[in-house]
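Fold and geometry: a report
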Amino acid sequence: MNTNNKETTCDLMIIGTGMAGMAAALFAARQGIDTVQVGLIGELGFASGLIDLLGVHPVAQGKVLDDPWQGITRLCRDEPLHPYALLDIASIRESLDIVLAFLTTSGYPHFTLLQRNMEVLTPAGTLKPTYAVPHTMRRGPSALADRSSCLLVDFDGLKGYSARQIALSLAERWPELHPVRIGFPDAKGELYTEHMARALDVADSREKLVAAIRPHIGTAEVVGLPAVLGMYRTVRVMEDLQQGLGVPVFEIPTMLPAVTGLRLREIFEQRLPAMGIRLFFQQRVMDAQRLADGQWRFDVGRTDIDFRITARSAIMCSGRFFGKGLHADRHGIRETIFDLPVVQPKDRAAWHHKDLLHREGHPINRAGVAVDGQFHPVDANRQMLYPNLFAAGSILAHQDWKRQKCGSGLAIATAYGAVRACTRMLD
Ligand SMILES: Cc1cc2nc3c(=O)[nH]c(=O)nc-3n(C[C@H](O)[C@H](O)[C@H](O)COP(=O)(O)OP(=O)(O)OC[C@H]3O[C@@H](n4cnc5c(N)ncnc54)[C@H](O)[C@@H]3O)c2cc1C
C-alpha cells in the first residue's frame, strides 16, 4: 500500500464514469451535494453517443417502437420489475430534459422528436431506433424518411466504415444513396476517427474537405459522412461544411470507440469539476468497507491505494461485465465492489439459450443487482441492504438494454431516481 495515500470525506461517492455515473454526478451537482466520483473514464468513449429511451418492446416479438413513451407505459405493465417501473413518466422526462439541456449549454445540442423515436443508420447499413441524436446527425433520419438523393462519403484508410456497403444494404429502403470514397485532407495510410475529428476542428482542414467533396455533389440534396465532424467545435464544423457544400450534411455513427462517445466524455470531464464534482480520473475502487457509524470507506487507486474516501452515501453505477461492475466465472455472477447479491439464473447452463439469436434474449443479460423503489440494493427477499447505498444504470437487474434499446435512457433515468432518493436520505 502507498503510505502517502490521501484521505478525504464527502457526502456522496459515485462509482462509475459511464453514462449513469456522469448523469448521477450532474444531478448531484445541481443539488449542491458534496460529491466525489471515481471511475475509469474510458467507458463512455465506447458508447455510441445516441440516447436510446426504449426502442423495442416486447423483445420476443421484436416490435420496434415509434412512441417510446407509450412503450415505457406498456413495458412497466408487462415487466413490473423492470427498472423503468421504479419511476413515473414525468421523472423520466425530467431526467432526460436535464441532461439534454446540459449538452446544449455545453455546445453539443441533441435533437429529439419529443414523442417519437427516430431511425438512425448504423455503420453496418442497418437502421436502429433511438430517441435523441447529436445535432450532427439530425438531418439523417429526415433524409431517410424523404428518400432524398444523398451522397454518402467515406475515406481511403478508414476501417470499419464503407459507404458502399451502407448503400448496398439499404438499396431497397433508400435507393438514392450514392457512395463515394475520397482522401481525407493531409492524411495517408490508416485513419482514426478521433484524429479526423480533431483535424476538422481546424478551419483549414474543413476547407480542404469541402473542396474534396464538392466535385461529387451532382444532384445530391444531402451529404452523409462518418461521425468525424469535429471534437469540440461541431456546431462550427457543421455550419462550414453545409455552407461550403450548399446542402445539409449529417453524420452516421462509426464503429467503436466512436467520436460521438468521446465528445460526451470530454464534455462531462470538463464541466463536472467546474460544477463542484471532485472527479478522480482513471481510478478504481479497490475496496469498500462499511464503518461502525454506517459511513462507507473506499480505498481508491490504480494499482496501489492512493486515496481513502469516507462517504456518507454511495451510488454504484459500475456497469455490467464490460464496465466491470459484474464478473462471471464458473461459480456464477458476482457484483465486484460490495459483493451484493446478484439476480441470476440458477446455474450456468441457463445463462444462454441454445439459439444465439433467440428472440427473447439470453437470461444472463437480465442478471444484475435488484433494487427497491428508492434504488437501494435488496436481498433475495427484497429487503433493503443498506439505507445509504444506491444503484443505477446497466448494473440493475431485470432489463436487457441491448435488446430493448434503452441503454443511455435507462442509465440517465435511474441515475436521476437514485440521486433523488439519496438527496432525501442526506437531508
Ligand atoms: C459498445 C456499446 C454501444 C452502446 N451503444 C448505445 C446506443 O447506441 N445507445 C444507447 O442509448 N446506449 C448505448 N450504449 C449503452 C450506454 O453507454 C449505456 O448508458 C451504458 O452501457 C450503461 O451505462 P453505465 O454507466 O450503467 O455502465 P458503463 O458504461 O458500463 O460504466 C460503468 C462504469 O463503472 C466503472 N467501474 C466499474 N467498476 C469500478 C470500480 N471498482 N471502481 C471504479 N469504477 C468502476 C467503470 O470504469 C465505468 O466507468 C452502448 C454501450 C456500449 C458498451
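Every value quoted in this text rests on a predicted model; they were computed, and no experiment measured them. (Residues numbered from 1 in each chain as written. Predicted model: local features only at pLDDT ≥ 70, side-chain atom pairs only at ≥ 80, totals over all residues. Heavy atoms only, no water.)

**So, the site of the ligand**
Residues in contact with the ligand amount to 34 residues; listed here are only the nearest, Thr17, Ser48, Leu256, Val285 and Ser394. Within the backbone of methionine 19, a nitrogen or oxygen atom sits 3.2 Å from an oxygen atom of the ligand. Protein chains bury 89% of the 980 Å² of accessible surface belonging to the ligand in isolation. Secondary-structure elements contributing two or more residues to the shell around the ligand are helix H1 (19-30), strand E2 (35-39), strand E12 (284-290) and helix H11 (407-426). Element by element, the count of residues in the shell around the ligand is highest for H11, at three residues. In terms of residue class, the shell around the ligand is made up of 16 nonpolar, 13 polar and five charged. (Near = heavy atom within 4 Å. Polar contact = N/O pair within 3.5 Å; in protein donor to acceptor, adjacent residues only side chain to side chain. Areas by Shrake-Rupley, 256 points an atom, 1.4 Å probe, with all protein chains shown as cover. Helix = DSSP H or I, 4+ residues; strand = E, 2+ residues; numbered from the N terminus. Nonpolar A, V, L, I, M, F, W, Y, C, P; charged D, E, K, R; others polar.)

**Focus: the packing of helix H6 (residues 193-200) against helix H9 (residues 259-274)**
Contact geometry of H6 with H9 gives a least axis separation of 10 Å together with a crossing angle of 65°. The handedness of the crossing between H6 and H9 comes out as right-handed. Between H6 and H9, the residues in contact are Thr193, Glu194, Ala197 and Arg198 and Val259, Leu262 and Glu266, respectively. (Axes fitted to C-alpha atoms, helices over the stretch in contact; angles between N-to-C directions. Left-handed = near helix turned anticlockwise from the far one by under 90°. Contact = heavy atoms within 4.5 Å.)

**Let's talk about the pattern of salt bridges**
Note that side chains of opposite charge can pair when their charged atoms are close. Here the structure, examined in full by the defined rule, presents 19 salt bridges. The closest approach of N and O atoms between aspartate 11 and arginine 312, which form a salt bridge, is 3.4 Å. Of this pair, aspartate 11 sits in strand E1 (residues 6-15) while arginine 312 sits in strand E14 (residues 305-316); the two residues are 301 residues apart in sequence, bridging distant segments of the chain. The exposure class assigned to aspartate 11 is partly exposed, which follows from its relative accessible area of 24%. Taking relative accessible area as the criterion, arginine 312 reaches 34% and is therefore assigned partly exposed. Here aspartate 186 ties to lysine 208 by a salt bridge, and the two come within 2.9 Å at their closest N and O atoms. Residue aspartate 186 is located in the loop between strand E8 (177-182) and H6, and its partner lysine 208 is located in helix H7 (residues 203-213); the two are separated by 22 residues in the primary sequence. Salt bridges sharing common partners tie together Glu194, Arg198, Arg265, Glu266 and Glu269. (Salt bridge = Lys/Arg side-chain N within 4 Å of Asp/Glu carboxyl O. Buried < 20%, exposed > 50% of the residue type's maximum accessible area, 1.4 Å probe, protein only.)

**Remarks on the UniProt feature "transmembrane region" (unreviewed entry) in the protein chain**
The sites that UniProt annotates as "transmembrane region" (unreviewed entry) are residues 12-29. The straight-line gap between the two end C-alpha atoms of residues 12-29 is 11 Å; of that span, 61% is helix and 22% is strand. (UniProt positions renumbered as here; feature names shortened; annotations may be inferred.)

**A closer look at the side chain of serine 148**
Relative to the helices and strands, serine 148 resides in the loop between helix H4 (139-146) and strand E7 (150-155). For serine 148, a relative accessible area of 13% puts it in the buried group. Apart from residues no more than four positions distant in its own chain, serine 148 is found in contact with Ala143, Trp174, Glu176, Glu221 and Val222.

**Observations regarding the domain arrangement of the protein chain**
In terms of domains, the protein chain is made up of domain 1 (6-105 + 262-426) and domain 2 (123-252). Relative placement of domain 1 and domain 2: their C-alpha centres are 33 Å apart. Of the residues lining the interface, 16 residues belong to domain 1; the matching set on domain 2 comes to 18 residues. Both sides of the domain 1 and domain 2 interface together cover about 1,300 Å² of buried area, and 62% of this is carbon and sulfur. At the junction of domain 1 and domain 2, the tally comes to three salt bridges. Scanning the region where domain 1 abuts domain 2 turns up eight residue pairs in polar contact (both at pLDDT 80 or more). Grouping the constituent residues of the side of domain 1 that touches domain 2 by class yields nine nonpolar, three polar and four charged. (Domains from an automatic or database assignment. Buried area = accessible area lost by both parts, 1.4 Å probe.)

**Regarding the sheet that holds strand E9 (residues 222-226)**
Backbone hydrogen bonds hold the strands of a sheet together, and the pairing may be parallel or antiparallel. Sheet architecture is open: four strands sit in the order E8-E7-E9-E10, paired in parallel fashion. A single partner strand is all that each edge strand has here, and the edge strands are E8 and strand E10 (249-252). The average angle at which neighbouring strand axes cross in this sheet is 25°, direction not considered. Across six bridges, E7 lies against E8 in parallel orientation. By the bridge assignment for E8, cysteine 150 is matched with leucine 177. (Pairing = 2+ DSSP bridges.)

**Regarding the nonpolar core**
Counting 86 residues, the largest nonpolar core has Met13, Tyr84, Phe298, Ile309 and Phe338 as its most contacted members. Tallying contributions element by element places H11 first for this core, with 11 residues. Listed in part, the 40 residues of the second largest apolar core include Leu170, Val180, Val247 and Val249. (Core = buried A, V, L, I, M, F, W, Y, C linked by side-chain atoms within 4.5 Å.)

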